[in-house]
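# Tertiary structure, described
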Amino acid sequence: MSDTTNNDGKKPLGLRGATVRQKFSHGRTKNVVVERKNKRVFTPKPAGSGGKPGGQKAAGSYLSDVEMARRKKALEAARAMETERAAKELAQSEAREGERVKRRAEKDAAVREVEEAKIRAERLAEEAKEKAEAEAAETKANKKSVSGAARPKLRTPTPANAADPAEAQVAGARAEAGRVAPNKNLKPAAKPADDRNKQTRNTKGGGNDRRRSGKLTINQALGGGGNRQRSMAAIKRRQARDKRKMMGGPIEHEKVYRDVQVPDAITVQELANRMTERVAEVVKALMNNGIMATQNQTIDHETAQLIVEEFGHKVVRVSDAAVEDILASESEADEVNLQTRPPVITIMGHVDHGKTSLLDAIRKTNVVKGEAGGITQHIGAYQIKLDSGEVMSFLDTPGHAAFTSMRSRGAQVTDIVVLVVAADDSVMPQTIEAINHAHAAEVPLIVAINKMDREGADATRVRTELLQHNVVVEAMSGDVLDVEVSAITGQGLDKLLENIALQAELLELKANPDRPAEGAVIEAKLDVGRGPVATVLVQKGTLKRGDIFVVGEQWGKVRALIDDQGNRIEEAGPSVPVEVLGLNGSPEAGDVLNVVPDEARAREIAEYRAHVAKDKKAAAGAGVSLDQLLANAKADQSVSELPIVLKADVQGSAEAIVQACEKIGNDEVRVRVLHSGVGAITESDVTLAEASGAPIIGFNVRANSQARNTANQKGVEIRYYSIIYDLVDDIKAAASGLLSPEVKETFIGYAKIKEVFKITGTGKIAGCEVTEGVARRSAGVRLLRDNVVIHEGKLKTLKRHKDEVKEVQSGQECGMAFENYEDIRADDVIEIFTTEELERSL
């Protein structure tokens, strides 16, 4: 390789002897020679080189004149730009500092102006006061009254109404100083630098629009008293914004830690609102704890407590039952608020002992005439005003055995129980039950011995039989009042009412009518035109039209109040029975009605109660083990069920019928009420009955046209009843039809086998002699060997000689063959019997 130099004075590159083997895919290789370039070192040319190639040194290369000039020019330009940038930054910094100083000076000037205006206003106010005192002294000396026109001068009139310009100026300054600068430490915020040139415009009245300006001037303080100005809160906010701008960033506020009420279940959004935290932060905290939840999802109390403590707040446990705290009864111990209330009397006794007739005689009405079957099947509430002016509330309960719950409710809400006993029938099962209800409720008892006008009436017998049940009347030296009455002739009615009034006076019945109402639901029904209707006996307070109330799992607003005469009233006090309209659903008979402050609270309580009832129903079947489930399933296989769908007119009747149906049945059959409700029969009831193969029972209700058409198309049976006797008897008869019939056996004869013959194509034939009774072809037979039954079946053939006969009398010989059995021997005994199936009933 040549060592000579090129024309430009540079030494050519040389090659070293290094050879490198390159490897490629698929086993391919290649040998290459590696070139190594020497490092170029650029140094300035010496002064005497003249740029010729011969003047270059072997140690490195030199830059050309053109390249050197170009690089020097670039370096000078960069230095100039850096100097310009530094000067610009310095100017901007000085401008910002000047602006900051200017703002501070403006604020200080504004404060000084306010202080000067305040001092000037105080000086002028003192001068005006001295002048006013001098005028007052002069007026007093002249014994002249101060006119109405002079009084505004003494009260420092406003600038708009003042007659003296000086006084107007003083009053305006004082008002402005009092509104804008009540505190010496208050510093009104100045406008930013870019808004200094934007001056506020004068209003039509000559003042400035201080609503949009935080800067106070002397002209504003002295002459702008008639216009609105910025509030103190707005000024403070503006000052805080300016302070943040001057400090160069937002100011960290101290976090407020709160007491957070956490119920048993709460949504994420509600929890964030109670903590005053952002929802996103709460969701992030849940995710950090491994819980993926959105803002609308519900979390339990433990999870919510963990999140609240993580944010530093304090947890306050609140139970769901706390929603009912408002229903706590108010104390009525203060006798100042208590007033005498009418007594509540419940008429109880056995069926057909004349309870309703006795009440009709007192009310001078005829309720019995309108009752189906002549018996009471609903609980009734009435209020009676006697000739003496006294008011009494009566509850009439049914006497049928199925209405136990109604009688129990009547005894729980009453003050006095009137036990009606027929003089010709004496003490009966429901009479004993009524006595037990009265003793359980711990209410006084009055015995009314009814039907004294009939032949065979024996009041002494009634009193004697009552002794067996711890009821000792006054005639037998006891403490229980008794009256002999007759609902037909009116005998003893006045004495009965007198005894009731005497007993009520001894009880000293009082209540507070000024508190929120509280009452008991006596009966509930679903009216087609009026919706859910509840008969309520008000026990405490006064129920008014428009009150918001909650009753059981339902709530509502009192839309109308109807008394026992059918008249609309505005309010109902203690011991007054009324019908309440305005419920959102039909309540259960026996529920308690409470008036609450607002609709939200009523809805919350009703939802909580419905949730609790749902949990109880779910928990009823949750505690069953697998073995118990299998045992129940096995037991149900041997039990036949009669499903029914029940609709009644009132809640109490439906409850009584369901209880009566549950008592029907035994170990083999039972009645199952799929659905019971109040109101007319609808299409949904027909669909349920058709799916389960059940009949529909309507008690004092009817099916609408759509339900009738659907029932006819699907073949669903609908039965209507108005008397509970007939309903219970028909259900009992239908359930009896599910019972397996009873099989009765009757022995009709015996035969002894003497010889066994084997006939080809026929099998074994037993040659027998009928030793007792008769042998019949259609009867059943048993084969006895050594007095042990080895076969039971039927005869295939019965012949006498060669003829097939129906029966063979005792002492005659015959031939017998068994169906599907040939293991017969001589000396075996054949027992002949007949079976009869007998129907069973419950």
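The structure this text deals with has already been given above.
What you see is a predicted model, and the numbers here were worked out from it, not measured in a lab. Residue indices begin from 1 for each chain and proceed along its sequence in written order. Totals for whole chains, interfaces and linings use every residue, but because this is a predicted model, local features are given only for residues with pLDDT of at least 70 and side-chain atom pairs only at 80 or more, for both listing and counting. Values reported for side chains reflect all heavy atoms of the structure, with hydrogen atoms and water molecules removed beforehand.

### Focus on the sheet that holds strand β12 (residues 391–396)
Pairing between strands is defined by DSSP: at least two bridges between the two strands are required. For the purposes of this entry, the term helix denotes a DSSP run of H or I that reaches at least four residues, the term strand denotes a run of E that reaches at least two, and both are numbered from the N terminus. The 6 strands lie next to each other as β11-β12-β10-β13-β14-β15, forming an open sheet whose pairing is mixed. Where the open sheet ends on each side, the last strands, each with one partner, are β11 (380–385) and β15 (481–484). The mean angle between the axes of side-by-side strands here comes to 25°, regardless of whether they run parallel or antiparallel. As defined by bridge partners, β11 adjoins β12 across 6 bridges and the pair is classed as antiparallel. Considered in β12, the bridge of Tyr-382 is made with Phe-394. Along the sheet face, helix α9 (residues 355–363) touches β10 (344–349), β11, β12, β13 (416–422) and β14 (445–450) and points at about 30° away from the line of β11. Think of each axis as a best-fit line through the C-alpha atoms, taken over the contacting stretch in the case of a helix, with angles from 0 to 180 degrees between the N-to-C directions. By the convention used here, residues are in contact when the closest approach between their heavy atoms is within 4.5 Å.

### Quick notes on the sheet that holds strand β26 (residues 640–648)
One key point about sheets: their strands pair by backbone hydrogen bonds, in either a parallel or an antiparallel sense. Spatial ordering of the open sheet is given by β27-β26-β28-β29, a layout of 4 strands whose pairing is parallel. The outermost strands of the open sheet, each flanked by one partner alone, are β27 (669–678) and β29 (718–721). Pairs of neighbouring strands in the sheet enclose a mean axial angle of 25°, with direction left out of account. Of the strand pairs in this sheet, β26 and strand β28 (residues 696–699) are connected by 4 bridges, and their pairing is parallel. If you follow Leu-646 over to β28, its bridge partner there is Ile-697.

### Brief notes about the nonpolar core
Residues belong to one nonpolar core when they are buried, are Ala, Val, Leu, Ile, Met, Phe, Trp, Tyr or Cys, and are joined through side-chain atoms within 4.5 Å. Exposure classes here rest on a 1.4 Å probe applied to the protein chains alone. A residue is buried below 20% of its type maximum, exposed above 50%, and partly exposed in between. Counting residues in hydrophobic clusters, the biggest one holds 26 residues, and the most contacted among them are Ile-345, Leu-358, Met-392, Phe-394, Val-418, Leu-496 and Ile-500. Breaking this core down by element, the ones donating at least two residues are β10, α9, β11, β12, β13, β14, β15 and α13 (493–507). For this core, the element with the highest residue contribution is α13, accounting for 6 residues. Residues in contact with Leu-358, not counting those within four places in the same chain, are Val-420, Ala-448, Val-485, Ala-487, Leu-493 and Leu-496.

### A short note on the pattern of salt bridges
Salt bridges are counted wherever a side-chain nitrogen of Lys or Arg sits within 4 Å of a carboxyl oxygen of Asp or Glu. Applying the stated rule across the entire model yields 33 salt bridges. Measuring nitrogen to oxygen at the nearest pair gives 3.0 Å for the salt bridge that ties Arg-274 to Glu-270. Of this pair, Arg-274 and Glu-270 both sit in helix α6 (residues 268–275), 4 residues apart, roughly one helical turn. Judged by its relative accessible area of 32%, Glu-270 is partly exposed. Salt bridges linked by common partners bring Glu-745, Arg-782, Glu-792 and Glu-831 together as one network.

### Some remarks on the packing of aromatic side chains
Two rings from Phe, Tyr or Trp (for Trp, the six-membered ring) form a pair when their centres sit within 6.5 Å of each other. Planes less than 30 degrees apart are called stacked, planes more than 60 degrees apart edge-to-face, and all others tilted. Taken as a whole, this structure holds 1 aromatic pair when the rule is applied. As a reminder, the over-ring test applies to NZ of lysine and CZ of arginine, requiring each to be within 6 Å of the ring centre and within 35 degrees of the ring normal. Sitting over the face of the ring of Tyr-720, Arg-702 holds its NZ or CZ atom 4.5 Å from the ring centroid. Here the guanidinium or amino end of Arg-782 rests over the ring plane of Phe-833, the centre of that ring lying 4.0 Å away.

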